[in-house]
Amino acid sequence: MTKIVVVTSGKGGVGKTTTSAALATGLALRGFRTAVIDFDVGLRNLDLIMGCERRVVYDLVNVINGDANIRQALIKDKRVDNLFILPASQTRDKDALTQEGVEKVLNALRDDMAMDFIICDSPAGIEKGALMAAYFADEAVVVTNPEVSSVRDSDRMLGILASKTRIAEQGGGDIPARLLLTRYSPERVLRGEMLSVEDVQEILAVELLGVIPESQAVLNASNAGSPVILDTDSDAGQAYLDAVARFLGEDLPHRFLTTGKKGLLGRLFGGQ
Amino acid sequence: MSIFSYLLPKKQRTASVAKERLQIIVARERSMRGGPDYLPQLQEELLAVVRKYVPVSPESVNVQVDRDSGCEILELNITLQDHQDT
């Protein structure tokens, strides 16, 4: 059974592509056949984060238009088995993404390529690309920064997910949506300068998939074109590994919610 | 959360300001969500009609659609000012 997952947020720059790359890579590391699709037609980015930008021949719109088949367009990752990337087109044609076209691609990934997971990396905003990335999803990961505009946009996106997916339209109700809080800085939360994970959860009222700490490893990973989840020594890499485990149903405590290294007193009084 | 956070000075807690603002705006936006698209315009036009007879401010009108066991209720609340006799 193929599961389609949309990684979305509403607001741009919060870590959707970083998360899509990490989630897809993490699932593939667990042995699941996983494809990650860049839905940001016009502004291709996932290929850079995945480090396969020079291997792009065909893209999502080529497959939709029948210029290439799914096998030709999928880029197989060189580091991780079972991991495939379908890049976005750089066309400026806004109508290139059609519902029938997207359905065809997803069906091909499910039937011809026998994928276990299809990760749809949504573009920012709530326009066609974002709606198409979400429409066929069975499940959503909403990426949010602990910052007012991001939280508000995530709430808006949760509302859209509740009504604008195929499952919702067919009367299946809301698809399961989980929150991934990224760029979290426990130090700033402690100083009262940043919304805490509890605050964001209280406002959005969705299950927490994970908290990714603000980390230098993320920029280093994107510089190198290697998903940060492969940097297993880094806090962000480990936080993503935990999130993947939770995504697969494991019950892990949340880490990286408190400030750095803790001494004895910190352990006694720091909680978590 | 550490107990020390409660001992920190209360000034400059921008996070709590953010939380309050978000709770208000998110609640407002959720109440509008799922409602028919014509609602804001309906509210505006109704207001214009009422204004012909009574001075009311835009904030004193509240339009809400409730769904209750298969039936939809359009609720319109207009708060008139104190000195007005109804």
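Structure first, text after, so check above.
Predicted, not measured: the structure shown is a model, and the values here were computed from it.

A few words now on the overall build of chain A. On a plain count of helices and strands, chain A comes out with 13 helices and eight strands. For chain A, whose C-alpha radius of gyration is 18 Å, the value lies close to the compact-globule estimate of 19 Å for 272 residues. Projected onto its principal axes, the C-alpha coordinates of chain A cover approximately 65 × 40 × 35 Å. Taken across its 272 residues, chain A has 54% of its residues classed as buried. When contacts within chain A are restricted to residue pairs at least 6 apart in sequence, long-range pairs at least 24 apart make up 72% of them. Carbon and sulfur atoms form 47% of the exposed surface of chain A, whose accessible area is close to 11,800 Å². Where the 30 positive side-chain charges of chain A centre and where its 37 negative ones centre are 3 Å apart.

Here we take up the packing of aromatic side chains. All names here are of chain A. For the coordinates displayed, the defined rule picks out three aromatic pairs over all chains. Note on Phe32 and Phe117: the rings are 5.2 Å apart at their centroids and 85 degrees apart in plane angle, and the pair reads as edge-to-face. Of the two residues, Phe32 is situated in the loop between α1 (16–29) and β2 (34–38) and Phe117 in strand β5 (residues 117–121); the sequence distance between them amounts to 85 residues. When the ring of Tyr135 is compared with that of Phe136, the centres are 4.8 Å apart and the planes differ by 90 degrees; the resulting orientation is edge-to-face. Of the residues examined, Tyr135 reaches a relative accessible area of 9% and is grouped as buried. Pairwise contacts between aromatic rings join Phe32, Phe117 and Phe247 into one cluster.

All names here are of chain A. The sheet built from eight strands is open, its strands ordered β3-β4-β2-β5-β1-β6-β7-β8 with mixed pairing. Sheet topology places β3 (75–76) and β8 (207–213) at the edges, where each strand pairs with a single neighbour. Taken strand by strand, helix α5 (residues 99–111) contacts β1 (3–8), β2, β4 (83–86) and β5, and its axis lies near 150 degrees from that of β5. Contacting β1, β5, β6 (139–144), β7 (177–184) and β8, helix α12 (residues 235–247) runs over the sheet at an angle of about 165 degrees to β8.

Turning our eyes to something else, we now look at helix α11 (residues 216–224) of chain A. Residue pairs three or four apart in sequence face the same way in an α-helix, which turns once every 3.6 residues. Here α11 of chain A starts with a cap whose side-chain oxygen sits 3.0 Å from the backbone nitrogen of Ala217 of chain A, and that cap is Ser215 of chain A. Taken from the residues just after α11 of chain A, Gly225 of chain A is the one with a positive phi, measuring 70 degrees.

With that settled, consider the nonpolar core. Residues and elements named next belong to chain A. Counting 53 residues, the largest nonpolar core has Phe39, Ile70, Leu86, Leu109 and Leu161 as the members making the most contacts within it. At five residues, the largest contribution of residues to this core is made by α5. Among all residues touching Leu109, those that are not within four sequence positions of it are Ala35, Ile37, Ile70, Leu74, Ala114, Met115 and Ile118. Among the nonpolar cores identified, the runner-up in size contains 36 residues, and Val7, Ala28, Cys52 and Ile229 belong to it.

We now examine the packing of helix α7 (residues 148–163) of chain A against helix α10 (residues 197–204) of chain A. Residues and elements named next belong to chain A. Direction vectors running N to C along α7 and α10 enclose 35 degrees, while the axes themselves pass 10 Å from each other. Every pair of crossing elements has a handedness; the one defined by α7 and α10 is right-handed. Between α7 and α10, the contacting residues are Val151, Ser154, Asp155 and Leu158 on the first element and Val200, Ile203 and Leu204 on the second.

All right, on to the pattern of salt bridges then. All names here are of chain A. Evaluated as defined, the whole model comprises 17 salt bridges over all chains. For Lys76, the salt bridge is made with Asp81, and the minimal N-O distance between the two is 3.9 Å. With relative accessibility at 39%, the residue Lys76 sits in the partly exposed group. One salt bridge connects Arg255 with Asp242, and the closest N-O pair in it is separated by 2.8 Å. Here the residue Arg255 occupies a position in the loop between α12 and α13 (264–269), and Asp242 occupies one in helix α12, the gap between them amounting to 13 residues. A relative accessible area of 35% means that Arg255 is categorised as partly exposed. Members of the salt-bridge network, linked through shared partners, are Lys3, Glu139, Arg178 and Glu207.

Cut-off values and rules
Residues numbered from 1 in each chain as written. Chains lettered and ligands numbered in written order. Predicted model: local features only at pLDDT ≥ 70, side-chain atom pairs only at ≥ 80, totals over all residues. Heavy atoms only, no water. Helix = DSSP H or I, 4+ residues; strand = E, 2+ residues; numbered from the N terminus. Rg over C-alpha atoms; globule rule 2.2 N^0.38 Å. Buried < 20%, exposed > 50% of the residue type's maximum accessible area, 1.4 Å probe, protein only. Contact = heavy atoms within 4.5 Å. Areas by Shrake-Rupley, 256 points an atom, 1.4 Å probe, with all protein chains shown as cover. Lys, Arg positive; Asp, Glu negative; His and termini not counted. Charge placed at Lys NZ, Arg CZ, Asp CG, Glu CD. Phe/Tyr/Trp six-rings, centres within 6.5 Å; stacked < 30°, edge-to-face > 60°. Pairing = 2+ DSSP bridges. Axes fitted to C-alpha atoms, helices over the stretch in contact; angles between N-to-C directions. Polar contact = N/O pair within 3.5 Å; in protein donor to acceptor, adjacent residues only side chain to side chain. Core = buried A, V, L, I, M, F, W, Y, C linked by side-chain atoms within 4.5 Å. Left-handed = near helix turned anticlockwise from the far one by under 90°. Salt bridge = Lys/Arg side-chain N within 4 Å of Asp/Glu carboxyl O.

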